[in-house]
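Structural overview
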Amino acid sequence: MQYIEGGVTAAKGFLAGGVHCGIRKNKSKRDLALIYSEKPCAAAGVYTQNLVKGAPILVTQKNLADGRAQAVICNSGNANTCNADGEAKAWRMCEIAADALHIDPHDVIVASTGVIGQILPIEPIENAAAELASSLSADGSNYAVQAIMTTDTIEKEVAVQVEIGGRTVTVGGISKGSGMIHPNMATMLCFVTTDCAITPAMLQKAVTAAADKTFNMISVDGDTSTNDTLTCMANGEAGNAEIAAAGEAFDTFCAALTAVCRKLSMMMAGDGEGATKLLICRTTGAKDWETAKTVAKSVICSALLKAAMFGEDANWGRVLCAIGYSGADIDIHKVDVAFQSENGRVDVCENGAGIAFSEEEAAKVLHAKEITILVDLKSGDTEAEAFGCDLTYDYVKINGDYRT
């Protein structure tokens, strides 16, 4: 597998762009993105598990019911959620994109992100349609990712290439997400494109599996949002034999898709609102996937641990505490814990009990920007990763007046 540049336009046959249309007051920030495939695509998606869902999700779910799509339109600055006219506005966005691209509006994925409960002004989107369509280019992934950002501080895009059936297949994605992020689809938007030939049913299986191992393993602050969406469009331009069943080709594609989602997940977690550190909890030695996942997520969600990591305090008792209330069926007397970073590794707990370690060495390890919390359950051979960040003073500052 090879990582390459290009994001959602790395795969053959995809164009992207982004403009400022006027939803956001700051004219220097793009707020409307478009992704377009020159050919119709197989398409699949997964969405927030929050019962309160943004209107764009409801429209996108209907449009993807046939497993087909050809374009994505997304605005930032307004979530179009909890509005009486929300679905009508979301459908109108599909029509605007379809008219500009000369495609069927039912083949458009629509998404929105921003403040909840404010009416989405549709006129700026209508007025920018021509400019948006003309912004499309084979190098436009970066403009698209800029247009979907809210409190993000970095642009999140990645692409990989693999070989399937003697053909080079590319998978690329962009995402946004910084706060209101918690497992079960975080608070995020992610759009993935690929030139792989794959049926809608198998693409849906791949997308669901990738999300379970990546985006559903992120937590910044414990809040699951209303607009979380992950979609993937596959146009078949790579020329591989269409993947219609499980097997080596499907496994290779899943690995590529998961790699893209994992990288984007890590970028989102590390860019958590106010964060100074990316935290990774790697659980090993679990008896099954559910146990490994439950433990890793519980540790990464602990507010007390997140605060300790901000303070660079090797308070390993908070790790054990989070494991203990996770609900996982484990033997706590077998658990080992260690902290690891580019600055080294320090073992702090063996068989559920503390061991002597150097506080100075621990502080050095925790001073890094990326910290891995290693948890060995010593009860099997299954592992899982969860991604998060430290909890800082700035998180409260950012969210104290987010709406006003």
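Located above this text is the structure these notes cover.
All values reported here derive from a predicted model rather than from experimental measurement.

Here we take up the overall build of the protein. Summing up its helical and strand segments, the protein has 12 helices and 16 strands in all. A compact globule built from 404 residues would reach a C-alpha radius of gyration of about 22 Å, and the protein, at 21 Å, matches this within 12%. Seen through its principal axes, the protein has C-alpha atoms that stretch 65 × 55 × 35 Å. Taken across its 404 residues, the protein has 57% of its residues classed as buried.

All right, on to the packing of aromatic side chains then. Applying the stated criterion across every chain, the model contains 1 aromatic pair. Seen in terms of ring centroids, Phe310 and Tyr393 are 5.2 Å apart; in terms of plane orientation they differ by 90°. Their pairing is edge-to-face. In this pair, Phe310 is assigned in helix α9 (residues 303–310) and Tyr393 in helix α12 (residues 393–400), connecting sequence segments 83 residues apart. For Tyr393, a relative accessible area of 62% puts it in the exposed group. Above the plane of the ring of Tyr143 lies Arg30, whose end atom (NZ or CZ) is 3.7 Å from the centre.

Once that is clear, we can look at the packing of helix α6 (residues 200–213) against helix α7 (residues 248–270). The interhelical angle for the contact between α6 and α7, taken along N-to-C directions, is 45°, at an axis separation of 9 Å. Here α6 is positioned oblique relative to α7, judged by the angle of their axes. Both α6 and α7 take part in a crossing whose hand is right-handed. Where α6 approaches α7, its residues Met202, Leu203, Lys205, Ala206, Val207 and Ala210 are matched on the opposing element by Phe250, Phe253, Cys254, Leu257, Thr258 and Cys261.

Moving on to a negative patch on the surface. Residues Asp313, Glu359, Glu360 and Glu361 make up a contiguous surface patch of negative charge. Considering the arrangement of structural elements, one finds Asp313 in the loop between α9 and α10 (317–324). On the accessibility criterion, Asp313 (37% relative accessible area) is partly exposed.

Ranked by size, the top nonpolar core spans 75 residues in total, and within it Phe253 and Phe339 carry the most contacts. The element best represented in this core is α7, accounting for 12 residues. Ignoring any residue separated from it by four or fewer positions in sequence, one finds Phe253 in contact with Ile164, Val171, Thr194, Cys196, Ile198, Leu203, Ala206 and Ile243.

Before going further, it helps to spend a moment on the pairing of strand β12 (residues 336–341). In terms of residue burial, β12 counts as a mostly covered element, since 5 of its 6 residues are buried. Note that β12 and strand β15 (residues 370–376) share 5 bridges and pair antiparallel. Pairing of Ala338 across the sheet is with Leu374, part of β15. Where β12 and strand β13 (residues 344–350) come together, 5 bridges link them in antiparallel fashion. Bridge pairing links Ser341 to Gly344 in β13. Joining the antiparallel neighbours β12 and β13 is a turn of 2 residues.

Let us now look at unusual backbone geometry. Most of the time, phi is negative for any residue but glycine, and the peptide bond is trans. One non-glycine residue, Asn80, lies in positive phi territory at about 50°. In this fold, Asn80 is placed in the loop between β4 (68–76) and α2 (86–101). Despite not being glycine, Glu312 shows a phi value in the positive range, around 55°. Looking at the secondary structure, you find Glu312 in the loop between α9 and α10. Note on Glu312: relative accessible area 25%, which makes it partly exposed.

It is worth spelling out the sheet that holds β12 at this point. The strand order β9-β16-β11-β15-β12-β13-β14 describes an open sheet built from 7 strands, whose pairing is mixed. Looking at strand neighbours, the two that pair on one side only are β9 (218–219) and β14 (353–354), the edges of this open sheet. Two strands pair when backbone bridges link them, and strand β11 (residues 278–286) and strand β16 (residues 382–389) are joined in this way by 7 bridges, in the antiparallel orientation. Within the sheet, the bridge partner assigned to Thr283 lies in β16 and is Ala384. Helix α8 (residues 289–301) contacts β9, β11, β15 and β16 of the sheet and is inclined by roughly 20° relative to β16.

As for its placement among the helices and strands, Lys27 is situated in the loop between β2 (14–19) and β3 (32–47). Separated by 113 residues in the primary sequence, Lys27 and Gly140 place their C-alpha atoms 19 Å from one another.

Quick notes on the rules
Residues numbered from 1 in each chain as written. Predicted model: local features only at pLDDT ≥ 70, side-chain atom pairs only at ≥ 80, totals over all residues. Heavy atoms only, no water. Helix = DSSP H or I, 4+ residues; strand = E, 2+ residues; numbered from the N terminus. Rg over C-alpha atoms; globule rule 2.2 N^0.38 Å. Buried < 20%, exposed > 50% of the residue type's maximum accessible area, 1.4 Å probe, protein only. Phe/Tyr/Trp six-rings, centres within 6.5 Å; stacked < 30°, edge-to-face > 60°. Lys NZ or Arg CZ within 6 Å of the ring centre and 35° of its normal. Axes fitted to C-alpha atoms, helices over the stretch in contact; angles between N-to-C directions. Parallel < 35°, antiparallel > 145°, perpendicular 65-115°, else oblique. Left-handed = near helix turned anticlockwise from the far one by under 90°. Contact = heavy atoms within 4.5 Å. Patch = residues over 30% accessible without salt bridge, like charges linked within 9 Å, V, L, I, M, F, W, Y side chains within 5 Å. Areas by Shrake-Rupley, 256 points an atom, 1.4 Å probe, with all protein chains shown as cover. Salt bridge = Lys/Arg side-chain N within 4 Å of Asp/Glu carboxyl O. Lys, Arg positive; Asp, Glu negative; His and termini not counted. Charge placed at Lys NZ, Arg CZ, Asp CG, Glu CD. Core = buried A, V, L, I, M, F, W, Y, C linked by side-chain atoms within 4.5 Å. Pairing = 2+ DSSP bridges.

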